[in-house]
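Geometric and topological summary
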Amino acid sequence: MFDESLSSPDGSGAGKRRRAPREQSPTQRALGLLTRREHSRKELTRKLTSRGLDAGEVETAVAQLAEAGWQNDVRFAESMVRSRAGNGYGPLHIRAELASHGLDSQTIADALGRYEGDWLQNARDLVRRRYGEDFAADPARRRKAADLLMRRGFDGDTARNANRSAVDD
């Protein structure tokens, strides 16, 4: 038998009784965030306190998760370096972004040092994707390519070498 009291008039079932969501502890909420992606300690703390959780409880929860290995700033930094480098950003941009996440300079330097990619090749690939294979024939496009690389966080030598190698090809 069909119980009409559980159904909404439009038939969507929106009138069904639902359990009230359980209140999650700071540790549970932090784990929920960490299962989606890596977070720095500072970022995780900021997100949880911005959701109205007690700052002291959040600090304790984040410290426990770090101790248990769920949260790790080194792992976060390495993940961020791989991700941003794959998206066409250079080491200067990545270093600044990692610093904004509250990581110390040694952790940042180590993460950038462990990156296995080639920054010059990344720069070349970015320029070719953006401006085509024959961009080097036009000085204006070469200037634009160099500007793009500088904005994306590549140093001047890398920008020059990426443009120069296109001319040499």
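You'll find the structure just up there.
In what follows, the accompanying structure is described.

A word on helix α3 (residues 55-68). The terminal C-alpha atoms of α3, which comprises 14 residues, lie 20 Å apart, in line with the 20 Å expected from a rise of 1.5 Å per residue. Buried within α3 we find Val-58, Ala-61, Val-62 and Leu-65. With its buried residues spanning 95° around the axis, α3 presents them on a single face. Contacts from the buried residues of α3 go to α1 (26-36) and α2 (41-50).

For the rest of this paragraph, the subject is the nonpolar core. The nonpolar side chains of soluble globular proteins are, as a tendency, buried together. Counting 24 residues, the largest nonpolar core has Val-81, Ile-94, Leu-98, Trp-119 and Leu-149 as the members making the most contacts within it. Where this core is concerned, the elements lending two or more residues are α4 (73-86), α5 (91-100), α6 (105-113), α7 (119-131), α8 (139-151) and α9 (156-168). When residues no more than four places from it in sequence are discounted, the contact partners of Ile-94 are Val-81, Arg-84, Ala-85, Tyr-89, Leu-112 and Trp-119.

Next up on the list: the side chain of Glu-43. Mapped onto the elements of the fold, Glu-43 is located in helix α2. Residue classification places Glu-43 among the buried positions, given a relative accessible area of 6%. Side-chain polar atoms of Glu-43 contact the side chain of Arg-37, separated by 2.5 Å. Among residues more than four places away in sequence, those in contact with Glu-43 are Arg-37, Glu-38, Phe-76 and His-101.

As a further point, take the packing of α7 against α8. As a packed pair, α7 and α8 sit with axes 10 Å apart at the nearest point and diverge in direction by 130°. One finds that α7 runs oblique with respect to α8. The element α7 and its partner α8 pack so that their crossing is right-handed. Every residue of α8 that contacts α7 at Ala-123, Leu-126, Val-127, Arg-130 and Tyr-131 is listed here: Arg-141, Lys-144, Ala-145, Leu-148 and Leu-149. Counted by class, the contact of α7 with α8 contains seven nonpolar, no polar and three charged residues.

So, how was this worked out
- Residues numbered from 1 in each chain as written.
- Predicted model: local features only at pLDDT ≥ 70, side-chain atom pairs only at ≥ 80, totals over all residues.
- Heavy atoms only, no water.
- Helix = DSSP H or I, 4+ residues; strand = E, 2+ residues; numbered from the N terminus.
- Expected span 1.5 Å × (residues − 1).
- Buried < 20%, exposed > 50% of the residue type's maximum accessible area, 1.4 Å probe, protein only.
- Arc of directions from axis to C-beta.
- Contact = heavy atoms within 4.5 Å.
- Core = buried A, V, L, I, M, F, W, Y, C linked by side-chain atoms within 4.5 Å.
- Polar contact = N/O pair within 3.5 Å; in protein donor to acceptor, adjacent residues only side chain to side chain.
- Axes fitted to C-alpha atoms, helices over the stretch in contact; angles between N-to-C directions.
- Parallel < 35°, antiparallel > 145°, perpendicular 65-115°, else oblique.
- Left-handed = near helix turned anticlockwise from the far one by under 90°.
- Nonpolar A, V, L, I, M, F, W, Y, C, P; charged D, E, K, R; others polar.

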